[in-house]
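# Summary of structural features
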Amino acid sequence: MMHVFVWLALVLAVAAPARADLSLVGRSTVNAMGMQGIGQEGLWLRKTKLRRDMIDRGKAYSHLYDLASREITIIDHSLRQARVYAMSALNQDADARFSSKNLRLDLNPTGRKHQLQGWNCLENRIHVAMPVELAGEKVSFEMVGTIWLARNEPEQAETAPFVKAVQEPDFFMGIPALASKSPAQAKGLSEVVKRLAPLGLLCAVDVETRYEGAGRMAELSRKLASRIAVTYEKYSTDALKEEVFRIPEGYQVVRP
Amino acid sequence: MFPFLGGLTGRHPWLIVWLGAILVALGSLYSLDLMQRLTLAPGWEVPDSGSDATVRVMRDQLGRDETPVILLFRPRSAELGDADSPAYRAAVEEVLGAVARNADVRSVLSYHGSGDARFRSRDGRQVYAVAQLARGSDEGLAAFERLRAQVRSERVEVLLGGELATYYDIRAQLEIDILRAEVLSFLVLAVLLVWVFGSVVAAMLPLIVGGVTIILSVAWLKWFTQFIDISVYAANVVSMLGLALAIDYALFIVSRFREELARDPDVHASLMTTLRTAGRTVAYSGLTVAASLFCLLMLPQRFFQNMGLAGGISVAGAMLTSILLLPALLALLGHRVNRLALPVLARRAARQSDGGRWYRFSYFVMRRAWLVLIATLGLLLLLGAPVLHMVIGPADSKSLPLSAESRRVQDSLEQKFQHADMSPLVVTVHTRGPVQEAAGLAGLHELTRRIRELPGVLAVKGLVSIDDKLELADYELLYAYPEQFAMAAETLATYARGEHSVLYVEYAHPHTSPAARELVRAIRAMAPPPGVQSFHVGGFPAFHLDYLESLGKWVPWIILAIVLVIFVLLFFMLGSVLIPLKAVLTNLLSLSATFGALVWVFQDGNLSSWLNFTPQGSMDGTILVLIFAAAFGLSIDYEVFLLSRVKEMCQHGQDNQRAVATGIQRSGPIITSAALLIGVVLGAFAMGEVVFMKAMGLGLLLSVIVDATLVRMLLVPASLRLLGHLNWWAPRPLMRLYQRFNMSELNSVAARGGRENER
């Protein structure tokens, strides 16, 4: 479930303007396996660098994505440890297992609107489907729900450097743990990021995820259907310090 | 032995004083780092019990060694709104955001993070979070201190509660209470000793003996830390008991020395007589009290073993200092022991030594022996009656003052929240084969189902109870491929490792209630289902149940051991069979009266507003065991002081009644003074803010008062009168044994005393 969560955050980031530094503060809710988790979300963007902070069951984590150096850094603040991954290495295995032509992404406006500070956010129905394997069983990974996008806002024109970086052939954006366990799914989600990036600034999203199919795993997955919602509450274009995108001093750096 | 000691201290007093000074200096240096060597873990756990096994499995097999801390949030101003307002939420999340970066914190469950309404007060003004803190080697105390320093906010008040917080607050309050009690009692003792002796020089001697006892006992305690873990509480026992008994013994010896000196100006002869009589009595008394306390070593809990060891060491220290160093000081001082006499007090002291009030009162009692005996027994039984409805229960934050932080949290949770008991039962399960395989999961599933069906169980959290929609087959599939479902992998990591798994059982009862302990019994009574090798039940109610069962099993044996030890030592001192038996019985009665009063006060809540505490509703078993060992020893102490004097008079050739009256007259003022002085020490401890210390101090104080009044002034003379010549009777073989090992010093004293009587 968490990999979807991360993907949504990445979508938000990619859709965000690159003209100036950007901070986004929001909230996420995850319902999965009978549990509910509500957490703070924080995103900071500068050119091709992105940082996402989150608190998962009381533990603080940061994800640093540097599209220029093609590195993903996962920071566990309580352990004071940073694990640095090369995107290319993660991409290689994932690339072999996924074909982008099998990805389905439908986006249909509903006509509903809401305002996030200066942005006019429009609601869309979203349906993502991609073929994956679940314990050897062929299933379709589905995400169905609503997504709020702000189009034609002044800031959107400034997303070009980031969108451009996303469109590079060896682009990969996801969490390393998912890439190692479900490379095809990780690559598929990375493709979703690529396709959504030019479409607008994301204000909120609320989707249900499940696996569809006729086998036992799909049936189990239906019982474990998860829901994830992210809502941004405010954004700021105040200048950020460079330290925001660095590994904090004194942290142990591990390169798996 | 005592003539030898008398000779040694008389001939080489400077040698002994110098040796003592060197030992004190070395002991002080050696024990400078004692507090760093003492463990913060109190050692309440019962080794090899179910709750202990749970802790071990959690730590060694499941890699979980955590303790929960409750963070209660209250808005500092009404402007913040209720718990669901964005401003309130932001303020709480700011604090929890900092907590999330704390390396000691394993996880946090909060209202804003879970949406669980149980974490929100009924009026919506307060919320709480539960942080799981790494326990470490110090029970999590250092981590707790770091967390406490971290959770500050200008917008919300953050209070820390839970078991660890309560333990932390109790320790902190105890340190304050003990320091205050020690300073206060030392000052008051100094004044009282001058009043008792009528001389500043004589008054200083018990304080010197007390100080030396504490220093040497602390050094011994440190030496023992090389071999066993000793908790910080042991140091408190050393100071309390060491000081009290040192003063007791010193008072007895100094008084006797001055009495002998008044009779015979020869310092050496007076010292010899003092050591043969009072010295011998103190040695017997010290042996008896130390042996009683050492009996606590029989209990399996390290806490009691520590208390027994510390108590035994301090008593032995007080005894040795009193019979070695003090006589040397007396030899050096000689008649100067009466120097710096305050005229008014000196005259009063002189009148006291000549007075016959104790003598006349003893005759008054002995003339109405049956009446006094029955009335006193009736009164003691009446005082002891509340023991019949005594309930043994655990101490919790209610034993702290209302202002204590953890107490405020507990009160808020109880009064303002729907259900906020954060002490789930912890059931560790050892399955046959890896837990996520079919057999293990089936066993775990069945055990979960059975526990869930027990009355009072609200929920069971574990590997196979994460979602009600899932059946056993679903779990088998889920855990066969945990990597396919990220949450499944996390659940597996949270609840299981290898062949071990854990279930958390939430229940409707308060965690300190008998109903919670009954639930533990009910779970333990279950047979392991197929697929499960064994399981253990832990958590606070289980821990307390094990604790109570351990006391129930071992306390009768300890009582028996203490009674036997006392019986044997008193027999060898007095050569009587019936008097030790009577002493044991009267002391048991005296103790039951003390316990009855404690139940009336602390359990039933009488005098609670006057004594400034919250009625506990139950008695802490620990307090009762410690009071039993210490009070039994103390009351035997007085018994020994008194009976040794009576025996001495008998050996001087006095008849039974006269010997009793004279013995009481000569020991009565000393016993009363000793009781008064010990009462000051214990009373100072009873003024503490923590109920544990208050009950300990008050319990021992009551025991001393009952002993010095009802028992020593009424029961003892009445019973000695009624027993008559049987007082000193023993079967012939035992008498031969007594005569063989009997200290023969009394014979020479008898001769001297006889001459004195003739005069």
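The rules we used
- Residues numbered from 1 in each chain as written.
- Chains lettered and ligands numbered in written order.
- Predicted model: local features only at pLDDT ≥ 70, side-chain atom pairs only at ≥ 80, totals over all residues.
- Helix = DSSP H or I, 4+ residues; strand = E, 2+ residues; numbered from the N terminus.
- Rg over C-alpha atoms; globule rule 2.2 N^0.38 Å.
- Buried ≥ 20, exposed ≤ 12 C-beta atoms within 10 Å, placed from the backbone.
- Contact = placed C-beta atoms within 7 Å.
- Pairing = 2+ DSSP bridges.
- Axes fitted to C-alpha atoms, helices over the stretch in contact; angles between N-to-C directions.
- pLDDT = per-residue confidence, 0-100.
- Parallel < 35°, antiparallel > 145°, perpendicular 65-115°, else oblique.
- Nonpolar A, V, L, I, M, F, W, Y, C, P; charged D, E, K, R; others polar.
- Core = buried A, V, L, I, M, F, W, Y, C linked by C-beta atoms within 7 Å.
- Expected span 1.5 Å × (residues − 1).
- Arc of directions from axis to C-beta.

## Comments concerning the overall build of chain B
Helices and strands together make up the secondary structure of chain B, namely 28 helices and eleven strands. The C-alpha atoms of chain B give 31 Å as radius of gyration, which agrees with the globular expectation for 759 residues (27 Å, within 12%). Along the first, second and third principal axes, the C-alpha set of chain B runs to 100 × 55 × 45 Å. Looking at chain B residue by residue over its 759 residues, the buried ones come to 55%. In chain B, of all internal contacts separated by at least 6 residues, the share reaching a separation of at least 24 is 80%.

## What to know about the sheet that holds strand S5 (residues 71-76) of chain A
All names here are of chain A. With mixed pairing, twelve strands are arranged side by side in an open sheet as S7-S8-S9-S10-S11-S1-S2-S3-S4-S5-S6-S12. Across the chains shown, the open sheet's two edge strands, defined by having one partner strand only, are strand S7 (104-116) and strand S12 (252-254). On average, each strand axis in the sheet is inclined to that of its neighbour by 20°, with strand direction left out of account. Pairing of strand S1 (residues 22-32) with strand S2 (residues 35-46), which is carried by eleven bridges, proceeds in the antiparallel orientation. For Ser23, the partnering residue across the bridge sits in S2 and is Trp44. Strand contacts of helix H6 (residues 216-223): strand S8 (119-134), strand S9 (137-150) and strand S10 (201-212), with the helix running at about 135° to S10, the strand carrying the most contacts.

## Here's the deal with the sheet that holds strand S1 (residues 66-75) of chain B
Strand pairing within a sheet occurs via backbone hydrogen bonds; the two strands may be parallel or antiparallel. All names here are of chain B. Strand order in the open sheet formed by four strands is S2-S3-S1-S4, with antiparallel pairing between adjacent strands. Whereas interior strands pair on both sides, the edge strands pair on one side only; in this sheet they are strand S2 (105-110) and strand S4 (156-161). Shown here is a sheet whose adjacent strand axes are inclined to one another by a mean of 25°, direction ignored. The sheet contact formed by S1 and strand S3 (residues 127-134) spans eight bridges and is antiparallel. Each residue of the ladder has a partner; that of Phe73, found in S3, is Val127. Helix H7 (residues 141-150) contacts S1, S3 and S4 of the sheet and is inclined by roughly 140° relative to S3.

## Observations concerning the pairing of S4 of chain B
Residues and elements named next belong to chain B. Counting buried positions over the six residues of S4 gives five, a clear majority of the element. Relative to S4, S1 runs antiparallel, the two sharing six bridges. Looking at S4, one finds that Pro75 is bridged to Val156.

## What to know about the confidence of the model for chain A
With 86% of its residues at a pLDDT of 70 or more, chain A shows a mean pLDDT of 80. Least confident of the elements in chain A is helix H1 (residues 2-14) of chain A, whose mean pLDDT is 51; most confident is S7 of chain A, at 91.

## With respect to the packing of H6 of chain A against helix H18 (residues 472-480) of chain B
Orientation of H6 of chain A relative to H18 of chain B, taken along the N-to-C sense of each, is 105°, at an axis distance of 10 Å. By the angle class used here, H6 of chain A and H18 of chain B are roughly perpendicular. Listed contacts from H18 of chain B to Arg216, Met217, Leu220 and Lys223 of chain A of H6 of chain A are Asp474, Leu477 and Leu478 of chain B. Grouping the constituent residues of the contact of H6 of chain A with H18 of chain B by class yields four nonpolar, no polar and three charged.

## A short note on the confidence of the model for chain B
Close reading of the predicted structure is inappropriate where its pLDDT is low. All names here are of chain B. When pLDDT is averaged along chain B, the result is 84, and 94% of the positions lie at 70 or above. In the predicted structure, residues 743-759 sits below a pLDDT of 50 and forms 22 contacts with residues beyond four places in sequence or in another chain. Interface confidence for the predicted complex, expressed as ipTM, amounts to 0.77; the pTM equals 0.76.

## Section: the interface of chain B and chain A
Listed per partner, the contact involves 31 residues of chain B and 28 residues of chain A. Listing elements by their share of the side of chain B that touches chain A, those giving two or more residues are helix H5 (86-99), S2, helix H6 (111-114), H18 and helix H19 (486-495) of chain B. Across the side of chain B that touches chain A, the residue classes break down as 16 nonpolar, nine polar and six charged.

## What about the nonpolar core?
General note: in soluble globular proteins, nonpolar side chains tend to be found buried as a group. Cys203 of chain A together with Leu71 and Val681 of chain B are the most contacted members of the largest nonpolar core, which totals 314 residues. A per-element tally of this core places helix H26 (residues 691-723) of chain B first, with 21 residues.

## So, helix H2 (residues 13-30) of chain B
Residues and elements named next belong to chain B. The end-to-end C-alpha distance of H2, which contains 18 residues, comes to 25 Å, matching closely the 26 Å that a straight helix rising 1.5 Å per residue would cover. Looking only at H2, the buried set comprises Pro13, Ile16 and Gly27. Seen along its axis, H2 keeps its buried residues to an arc of 65°; they face one direction. Of the exposed residues in H2, those oriented more than 90 degrees away from the buried face are Trp14, Leu15, Trp18, Ala21, Ile22, Ala25 and Leu29. Residues of H2 that are buried sit in contact with helix H1 (2-11), helix H9 (200-224) and helix H12 (302-333).

## So, helix H24 (residues 621-651) of chain B
Residue and element names in this part refer to chain B. For H24, built from 31 residues, the straight-helix expectation of 45 Å at 1.5 Å per residue is met to within 8% by its first-to-last C-alpha distance of 44 Å. Here H24 lies mainly inside the structure; 29 of its 31 residues are buried. Directly after H24, the chain includes Gly653, whose backbone phi takes a positive value near 100°.

## Regarding the pairing of strand S10 (residues 532-538) of chain B
Residues in a regular strand project their side chains so that they alternate between the two faces of the sheet. Residue and element names in this part refer to chain B. Of all seven residues in S10, five are buried; the element is thus mostly enclosed. As paired strands, strand S6 (residues 425-431) and S10 are joined by six bridges and run antiparallel to one another. Looking at S10, one finds that Val429 is bridged to Phe535.

## Looking at the environment of Arg64 of chain B
All names here are of chain B. Relative to the helices and strands, Arg64 is located in the loop between helix H4 (50-61) and S1. Taking the C-alpha atoms as reference points, Arg64 and Ala134, 70 residues apart in sequence, are found 8.4 Å from one another. With near-sequence residues (within four places) excluded, Arg64 lies in contact with Met58 and Arg59.

## Considerations on the environment of Ala283 of chain B
All names here are of chain B. Summarising the element assignment, Ala283 is placed in helix H11 (residues 267-294). Since 22 C-beta atoms lie within 10 Å of it, Ala283 is described here as buried. Separated by 33 residues in the primary sequence, Ala283 and Ala316 have C-alpha atoms spaced 8.8 Å apart.

## Section: the environment of Gly317 of chain B
Residues and elements named next belong to chain B. With respect to the element layout, Gly317 can be found in helix H12. Of the residues examined, Gly317 has 29 C-beta atoms within 10 Å and is grouped as buried. Sequence separation of Gly317 and Leu720 is 403 residues, and the distance between their C-alpha atoms is 32 Å. Discounting residues that sit within four places of it in the chain, Gly317 has contacts with Thr213, Leu216, Ser217, Trp220 and Gly242.

## Brief notes about unusual backbone geometry
Most peptide bonds are trans, and most residues other than glycine sit at a negative phi. Residue Arg70 of chain A is not a glycine yet carries a positive backbone phi of 60°. Positionally, Arg70 of chain A belongs in the loop between strand S4 (59-66) and S5. On the basis of neighbour count, Arg70 of chain A is assigned to the buried category, with 20 C-beta atoms found within 10 Å. For Asp48 of chain B, which is not a glycine, the phi torsion comes out positive at approximately 65°. Residue position: Asp48 of chain B is located in the loop between helix H3 (34-37) and H4. Judged by the 10 C-beta atoms lying within 10 Å of it, Asp48 of chain B is exposed.

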